[in-house]
Amino acid sequence: MSSASPSVQLPLFSFPRFGEPIRIYAWASVLFLTALVLRKLFWKHKYDAIPALCGTDLFSSYAAASRFSKEGGEWLNSGYQKYRSGVFRIALPSRWHVIVTGDILVEELRKSSDDTLSIAAGLSELFQSKYTMGATILTNRYHLPLLRSQLTRNLASLFSDIRQEIILSIEDNIPLTNEWTSIKAYAVVLQIVSRTSNRIFVGAPLCQNPDYVSLAIHHTLEVSNGAPTINFFPNILKPLAARVLTNVPASVERAVKHIRPLVEERQKKIDEYGINYPEKPVDFLSWLMDEAEGEERSLMNLTYRILHLNFASIHTSSMSFTHALYHLASQPEYIEPLRNEVETIVAEEGWTKSSLTRMRKLDSFFKESQRMNGLGAVSMTRMALKDVTFSDGTTIPRGAIVSAVASACHHDDDIYSNGDTFDGFRFSDLREQGGNGNMNQFVATNPNFIAFGHGSHACPGRFFAATVMKLIMAHLILTYDIKMESEGVRPENKWLGFACRPDTNAELLFRRRQV
C-alpha cells in the first residue's frame, strides 16, 4: 500500500451555482414531473403479475403512495395477512416496491447471489449514494471487512474506552440530582450514541467536539431527506438536484474541516515511522488509512467513509435504544430484575465484554424491543439486476426493488406467542429453557427475525451497536431512577413510510437512584 500523503479531491458536487434560481426550480419541476410520469408509465406493465395493495393506474398509485407515507405499518401488515408466504407490491412516489413474505421466500432472498439480487444496488438506489455518500462507497466496500474483523474482534480491548465515553456523555447530558428532572429522551440519546460511536470511529477529543457531534447527528438527516429528493429526478439531473436541492455537499465540506487535521497528522507519522508508528490510535479512521488504496486514500473519500459509518449507526442505534428506554420507563417492573442481573454479574467479574455477554435479561430486553418496534416494516432490501423467478412462480422484473417484510412477521402470533404483547424476558426465558440459546441472542438473525437483516449481508456493525446500547442501559439503571411523565404510558410510535420511529419529542423523568 502506498504511503503517499492523502490529497483533497474536488467534491463530487461541482456544478456552478446559477444566478436565476427561480427559473432553475421551474424548469427542474417541469422536468421532474415529466420524468416521474414517464417512469411510472414505463414501469406499469412490468409488474402486472405481482398483486398490488392499491389501484395500479397512475392516479390511484400516487394517492396510495401518499397514504403509505403515514400508514406504512398498517399497509405492510395488511399485505402480509393477505399474501402470507407470497409476494405483493406497494406504491411509492417514484416506483413500485416488491415485498416477499414467509420464511421460504426470505431464505431464497438471503441465498440470492449479488449479481442477481444486489444489496449494493438496492441501497444505492434508495439512498442515492453516488450523490450523498461518495461515488465509491458501495462499489468499493472495503470498510465492511473492517467492521467484521477489526471492530468486532477488538470489542473486548475497546470496551473500557466505550464505557468511559458513555459515562462522560451521560454525565454531560443527564443531571445527577435528587429531584426528578424532565429530559427529552431522544435528543439526549443521540448525543450519547454519537459521542460513543465516534470515540471508536475517530477517537477523543474529536468525538467530544460539539460541532463535530452536531454534524455527525445532522448529516444522517441530510442524507435521509436528500435521497428521496434526488430519487425523483432522471439520472441526467441528479447531480444538479443534489447540489441545488440538498444540504449534503455543505455537510461533507464541514466534516472535511474536522477530519483533515487527524488524517494529515497520522499520515505524517506513517511517512516518518511506518504504518505501525508509536502510540498509533486504535480507531476506525486508523484502520481505514491502513487498508485504503489509490483514490480511497484521499481526504475526501476517507471523510465520506467516516460519515457513512455515522449514517449507518447513530440514528439506527439511537432509535433502537429509545424504543427500549420507553418500554423500560413505562413498565418499571423490569427495572429491578435488570438491576439485579447487572449488579450481580459486575460484582463477580467487573465491567468486561465477557460480563456484558452474561447479562441475558438485558440482552433479551433489547431483542424484544427490536421485535416489537424494529426500525421499519421491511428489511433485506435488494435490487434485481436481472429478471428473477422465486419458487412460488413470481418473477421479479429487472430493476425492481425488493424487500422482506419484517414488522408484520415479528408480530405474527404463529411465530411469537402473543406477538403484539411486549415480554421483555421472552428470549432470556427461551435461553434458560435450553432451546436454541444462541439463536435467541439480540444479535442473532433467522428468517423470522430480520431486524438486522439476515445471512451474509446482515448488519456487520450490530455487535458494536448491541454492546453500546446494553452498556448505556446498564449504566442508566444503576445510576438513575427513570419513569415516564405520564406513569405507565408509553409514547406511541410514529410511522413514516417504512420507518417506525419512537416519539422524538417525548420526555422522561430522571433522578439519582434512590437506594
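Residues numbered from 1 in each chain as written. Predicted model: local features only at pLDDT ≥ 70, side-chain atom pairs only at ≥ 80, totals over all residues. Heavy atoms only, no water.

What am I meant to see in helix α14 (residues 335–349) here?
Along an α-helix, residues three or four apart share an orientation, since each turn contains 3.6 residues. Look at α14: 21 Å from first C-alpha to last across 15 residues, which is about the 21 Å you get at 1.5 Å a residue. Along α14, the positions that sit buried rather than exposed are Ile 335, Leu 338, Arg 339, Glu 341, Val 342, Ile 345 and Val 346. Summarising the axial view, the buried residues of α14 lie within an arc of 165 degrees, below the 170-degree limit, and thus occupy one face. Residues of α14 that are exposed and point over 90 degrees away from its buried face: Ala 347 and Glu 348. Backbone geometry just downstream of α14 places Gly 350 in the positive-phi region, at approximately 80 degrees. (Helix = DSSP H or I, 4+ residues; strand = E, 2+ residues; numbered from the N terminus. Expected span 1.5 Å × (residues − 1). Buried < 20%, exposed > 50% of the residue type's maximum accessible area, 1.4 Å probe, protein only. Arc of directions from axis to C-beta.)

Would you mind showing me how to read the packing of aromatic side chains here?
When we look at a pair of aromatic rings, we describe it by the centre distance and by the angle of the planes. Scanning the model with the defined rule gives 17 aromatic pairs in all. Note on Tyr 480 and Phe 510: the rings are 5.8 Å apart at their centroids and 90 degrees apart in plane angle, and the pair reads as edge-to-face. On the criterion of sequence distance, the pair formed by Tyr 480 in strand β9 (residues 480–484) and Phe 510 in strand β12 (residues 507–512) is long-range, its members being 30 residues apart. On the accessibility criterion, Tyr 480 (3% relative accessible area) is buried. For Phe 510, a relative accessible area of 2% gives the class buried. (Phe/Tyr/Trp six-rings, centres within 6.5 Å; stacked < 30°, edge-to-face > 60°.)

Help me understand the side chain of His 315, please; the structure alone is not making it clear to me.
Mapped onto the secondary structure, His 315 falls in helix α13 (residues 299–330). Looking at His 315, its side chain comes within polar contact range of the side chain of Tyr 186, at 3.0 Å. Filtering out sequence-adjacent residues up to four positions away, His 315 remains in contact with Tyr 186, Leu 190, Ile 217, Thr 220 and Leu 221. (Polar contact = N/O pair within 3.5 Å; in protein donor to acceptor, adjacent residues only side chain to side chain. Contact = heavy atoms within 4.5 Å.)

What exactly am I supposed to notice about the packing of α14 against helix α19 (residues 462–479) here?
Describing two packed helices takes the angle between their axes plus the distance from one axis to the other. At a minimum axis distance of 10 Å, the contact between α14 and α19 shows a crossing angle of 105 degrees. Put simply, α14 runs roughly perpendicular to α19. Counted together, Leu 338, Arg 339, Val 342 and Glu 343 of α14 and Ala 474, Ile 477 and Leu 478 of α19 form the full contact between these two elements. Residue composition of the contact of α14 with α19, grouped by class: 5 nonpolar, no polar and 2 charged. (Axes fitted to C-alpha atoms, helices over the stretch in contact; angles between N-to-C directions. Parallel < 35°, antiparallel > 145°, perpendicular 65-115°, else oblique. Nonpolar A, V, L, I, M, F, W, Y, C, P; charged D, E, K, R; others polar.)

Teacher, can you tell me more about empty space enclosed by the protein here?
Summary: where empty space remains is shown by rolling a probe the size of a single water molecule over the atoms. As enumerated under the stated definition, the model contains 3 cavities of 30 Å³ or more in all. Taken as a whole, the second largest cavity encloses approximately 40 Å³ of empty space. Looking at the second largest cavity, the residues that line it are Ile 174, Ala 185, Val 188, Val 189, Ile 192, Phe 321, Leu 325, Leu 476 and Phe 510. Top contributing element to the lining of the second largest cavity by residue count: helix α8 (residues 185–201), with 4 residues. Of the residues assigned to the lining of the second largest cavity, the class counts are 9 nonpolar, no polar and no charged. (1 Å grid on protein atoms, 1.4 Å probe; cavity = no way out; pocket = protein on both sides within 12 Å on 5 of 7 lines; lining within 4 Å. Points joined across faces, edges and corners; volume = space filled by probe spheres on them.)

Spatial relationships are all this shows, so hold off on functional conclusions.
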